[in-house]
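What follows is the residue order along each chain.
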Amino acid sequence: MTTILVTGGTGTLGRPVTERLRAGGHEVRVLSRHSEPYAVDLRRGGIGLDTALAGVDTVVHCATTQRGGDERSAVNLIAAARRAGVAHLVHISIVGVDRVPLGYYRSKLAVEKLVEESGLGWTVLRATQFHDLVVQVLQSLAKVPVVVLPAHAADQPVAVAEVADRLAGLAAGAPAGRVPDLGGPEVRTFESLARAYLTATGRRRAVVNVPLAGKTYRAFREGGHLAPEHAVGKGTFEEYLTVRYGGGADGRRG
Ligand SMILES: NC(=O)c1ccc[n+]([C@@H]2O[C@H](COP(=O)([O-])OP(=O)(O)OC[C@H]3O[C@@H](n4cnc5c(N)ncnc54)[C@H](OP(=O)(O)O)[C@@H]3O)[C@@H](O)[C@H]2O)c1
């Protein structure tokens, strides 16, 4: 049995990773800003982080914030993991962090480099967007009568359960370096994802595709965030929608 610390173990990905590792017989600690007894803000580090890491063999780093500070968090986590003699640091990243010049992606790429140069045994897995995130984005776009989408852009969403399976498997193994990307089963236009979401939730909205300007949009349009050669995920967006919203006549439930 190994002792594993999951940072961000209360998040969309961290929760199922934690469940799988516990089911596999590991002793698992969950660290986040709000999860006692390991409530630690990684951006600040400190004694609480050292306590959380004492006796830990492996760290699965799922903590993140879109508000900035992930690099600082990684620096603190790595320094404390080195002090604690952690053998393996597993990090989840995103397909295209080296191709799409979005601020959040740049910081994810910087964190990957910190992990690779940490001096610890390390594993990095990049995944495409989770179904949950696509729905979150569409929920906010569908608040108005016309859903405005970026023209000629696609996505390849993946089931978070499958990413959790893979990450838990990697955490239970030896450091593997950068492993093959994990992409969802289908590359879909945003429009087809939006229409599936609108059908599943019984919303009637006009959908308009608008070409956007700028380097980030161009990188998305060119598929910098996609991994069609690693379309190994099985769960489709429709299957996710059926579980989440039900599959009645118009697909609507709750
Ligand atoms: N979502 C996607 O589509 C997707 C796709 C590919 C890869 N990823 C990667 O997967 C990882 C997990 O994403 P997610 O969607 O599961 O994130 P999430 O649901 O937003 O969860 C973030 C977790 O991090 C914790 N956290 C945030 N700031 C923290 C801090 N300063 N110190 C300690 N804990 C902190 C949060 O808990 P507290 O609020 O309690 O601190 C929470 O447990 C991220 O690295 C993300 O880049 C995500």
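Just so you know, these numbers come straight off a predicted model, no measurement behind them. (Residues numbered from 1 in each chain as written. Predicted model: local features only at pLDDT ≥ 70, side-chain atom pairs only at ≥ 80, totals over all residues. Heavy atoms only, no water.)

**Let's talk about the site of the ligand**
Neighbouring residues of the ligand: 25 residues in total, closest Thr10, Arg33, His34, Tyr104 and Lys108. Contacts to the ligand include Leu13, whose backbone N or O atom sits 2.9 Å from an oxygen atom. Measuring from an oxygen atom of the ligand, one finds a backbone N or O atom of Thr64 at 3.4 Å. No other element matches strand β4 (residues 88-94), which puts three residues into the shell around the ligand. Along the lines of polarity and charge, the residues of the shell around the ligand split into eleven nonpolar, ten polar and four charged. (Near = heavy atom within 4 Å. Polar contact = N/O pair within 3.5 Å; in protein donor to acceptor, adjacent residues only side chain to side chain. Helix = DSSP H or I, 4+ residues; strand = E, 2+ residues; numbered from the N terminus. Nonpolar A, V, L, I, M, F, W, Y, C, P; charged D, E, K, R; others polar.)

**Here we look at the pairing of strand β3 (residues 58-61)**
Burial of β3 is two-sided: the residues Thr58 and Val60 facing one way and the residues Val59 and His61 facing the other way are all buried. Across four bridges, strand β1 (residues 3-7) lies against β3 in parallel orientation. In the strand pairing of β3, Leu5 is matched with Val59. Sheet analysis places β3 next to β4, joined by four bridges and oriented parallel. Counted as the bridge partner of Val59 is Leu89 from β4. Between β3 and its parallel partner β4, the chain crosses via helix α3 (residues 70-84), and the hand of that crossover is right-handed. (Buried < 20%, exposed > 50% of the residue type's maximum accessible area, 1.4 Å probe, protein only. Pairing = 2+ DSSP bridges. Right-handed = clockwise from strand over helix to strand, strands pointing away.)

**Structural notes on a positive patch on the surface**
On the surface, Arg106, Lys215, Arg218 and Arg221 cluster together into a positively charged patch. Here the element with the most residues in the positive patch is helix α8 (residues 215-221); it accounts for three residues. Turning to its location among the elements, Lys215 is positioned in helix α8. (Patch = residues over 30% accessible without salt bridge, like charges linked within 9 Å, V, L, I, M, F, W, Y side chains within 5 Å. Areas by Shrake-Rupley, 256 points an atom, 1.4 Å probe, with all protein chains shown as cover. Salt bridge = Lys/Arg side-chain N within 4 Å of Asp/Glu carboxyl O. Lys, Arg positive; Asp, Glu negative; His and termini not counted. Charge placed at Lys NZ, Arg CZ, Asp CG, Glu CD.)

**Observations concerning the packing of aromatic side chains**
With the rule as written, the count across this model stands at two aromatic pairs. Considering the side-chain rings of Tyr197 and Tyr245, the 6.2 Å spacing of their centres and the 75 degrees angle between planes classify their relative orientation as edge-to-face. With Tyr197 in helix α7 (residues 190-201) and Tyr245 in helix α9 (residues 237-245), this pair connects stretches of sequence that are 48 residues apart. With respect to class, Tyr197 is no different from Tyr245; both count as buried. (Phe/Tyr/Trp six-rings, centres within 6.5 Å; stacked < 30°, edge-to-face > 60°.)

**Some remarks on the sheet that holds strand β8 (residues 177-178)**
Strand order in this open sheet of six strands is β2-β1-β3-β4-β5-β8, and the pairing throughout is parallel. At either margin of the open sheet sits one strand with a lone partner, and together these are β2 (27-31) and β8. Two elements, β4 and strand β5 (residues 121-127), share seven bridges in a ladder whose sense is parallel. Its bridge partner being in β5, Ser93 is matched across the sheet by Arg126. Docked against the sheet, helix α6 (residues 160-172) engages β1, β3, β4 and β5, running at close to 155 degrees with respect to β4. (Contact = heavy atoms within 4.5 Å. Axes fitted to C-alpha atoms, helices over the stretch in contact; angles between N-to-C directions.)

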